[in-house]
Amino acid sequence: NVYYSNLSLSSNNVVKKLKIWTIITGTFVPSSILNYFFTILFWVFKADKLERSLSTTRYFINFMIDAMFTSILFLIVSSLIPFYNNINYNGLLSVVICENTLICMANPNVKVKFLFLKFNAKWYPIILCLIMSVIHLGYVLDMVIGIIYAFIYFYIMRITISNESIESIEDKLYFLKQFDRFISICNINKDDDKIKTEKTDGEITIEKLDKSERDGKYNK
């Protein structure tokens, strides 16, 4: 329909129809309801833990940065591959794969339990990609983009966002602090029972993903 067409990101939508806004909206428009459901299923619990580790504001900024760069990377690659010129971008899937890859790169030797399998975390993105490839009917560019960007970010691109900047943003958006679900940067590490990183056997350890650090590791 017109609504879906005007918000979905594809090479033709941007290059030929000049729908530049789809670089933003494409992340939030699913390629199908089934794909969207499984993507949310793989993402929501990890996102919750990352938010508690980083604060709501920092996680939102990080998410939007990842969404923007994965969209641009998809646009560049899909423009060069004719087969993908008309394929709509599943942006949320790219960001989910990106976040999971970053977590696994920071915790490569943590044992992960998935269904009846147990393996090192470094293999988790590949297994997740295989599963999503079946669900996604073989269209893997979204997932490959997420992994490529994760490597670019992890080893090259780190974006610095100081705690002071986060506090300044929160002060300007003070009304958000009225929500019980909101986690302020000021409260990080003050209430260990509420926000500390959970380390449970059989799942990926989530340590602090702080984009102000450049040493290629998460901070505890």
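Definitions and cut-offs
Residues numbered from 1 in each chain as written. Predicted model: local features only at pLDDT ≥ 70, side-chain atom pairs only at ≥ 80, totals over all residues. Heavy atoms only, no water. Helix = DSSP H or I, 4+ residues; strand = E, 2+ residues; numbered from the N terminus. Buried < 20%, exposed > 50% of the residue type's maximum accessible area, 1.4 Å probe, protein only. Contact = heavy atoms within 4.5 Å. Areas by Shrake-Rupley, 256 points an atom, 1.4 Å probe, with all protein chains shown as cover. Salt bridge = Lys/Arg side-chain N within 4 Å of Asp/Glu carboxyl O. pLDDT = per-residue confidence, 0-100. Axes fitted to C-alpha atoms, helices over the stretch in contact; angles between N-to-C directions. Parallel < 35°, antiparallel > 145°, perpendicular 65-115°, else oblique. Left-handed = near helix turned anticlockwise from the far one by under 90°. Nonpolar A, V, L, I, M, F, W, Y, C, P; charged D, E, K, R; others polar.

A. Highlighting the overall build of the chain. A count of helical and extended segments in the chain gives 10 helices and two strands. Its helices and strands in sequence order give the chain the pattern α-α-α-α-α-α-β-β-α-α-α-α, from N to C terminus. Counting across all 220 residues of the chain, residues that qualify as buried make up 49%. Put simply, 70% of the contacts in the chain that link residues at least 6 apart link residues at least 24 apart. Carbon together with sulfur atoms contributes 65% to the accessible area of the chain, which is approximately 11600 Å² in total.

B. Geometry of the pattern of salt bridges. Counted according to the given criterion, the structure contains three salt bridges. With a closest N to O distance of 3.2 Å, Asp48 and Arg52 form a salt bridge. Residue Asp48 and its partner Arg52 are both found in helix 4 (residues 33-54); the two are separated by four residues, about one turn of the helix. Since its relative accessible area comes to 14%, Arg52 is described here as buried. Between Asp48 and Arg181 there is a salt bridge; the shortest N-O distance is 2.2 Å. Of this pair, Asp48 sits in helix 4 while Arg181 sits in the loop between helix 9 (163-172) and helix 10 (192-195), and the two are 133 residues apart along the sequence. For Arg181, a relative accessible area of 41% puts it in the partly exposed group. Here the residues in one salt-bridge network are Asp48, Glu51, Arg52 and Arg181, joined through shared partners.

C. Expanded view of the side chain of Ser71. For Ser71, the position within the fold is in helix 5 (residues 56-80). Take Ser71: its relative accessible area is 0%, and that puts it in the buried class.

D. Summary view of the confidence of the model for the chain. For the chain, per-residue confidence averages 75 on the pLDDT scale, and 80% of positions sit at 70 or higher. Ranking the elements of the chain by mean pLDDT puts helix 10 last with 43 and helix 5 first with 91. Note that pLDDT drops below 50 for residues 191-220; the model gives that stretch 89 contacts with residues more than four away or on any other chain.

E. Focus on the packing of helix 6 (residues 91-106) against helix 8 (residues 141-157). Where helix 6 contacts helix 8, the axes come no closer than 7 Å and their chain directions differ by 45°. One finds that helix 6 runs oblique with respect to helix 8. Considering the relative orientation of helix 6 and helix 8, their crossing is right-handed. Here helix 6 contributes Leu93, Ser94, Ile97, Cys98, Thr101, Leu102, Met105 and Ala106 to the contact with helix 8, which in turn contributes Asp142, Met143, Ile145, Gly146, Ile147, Tyr149, Ala150, Phe151, Tyr153, Phe154 and Tyr155. A per-class count over the contact of helix 6 with helix 8 returns 15 nonpolar, three polar and one charged.

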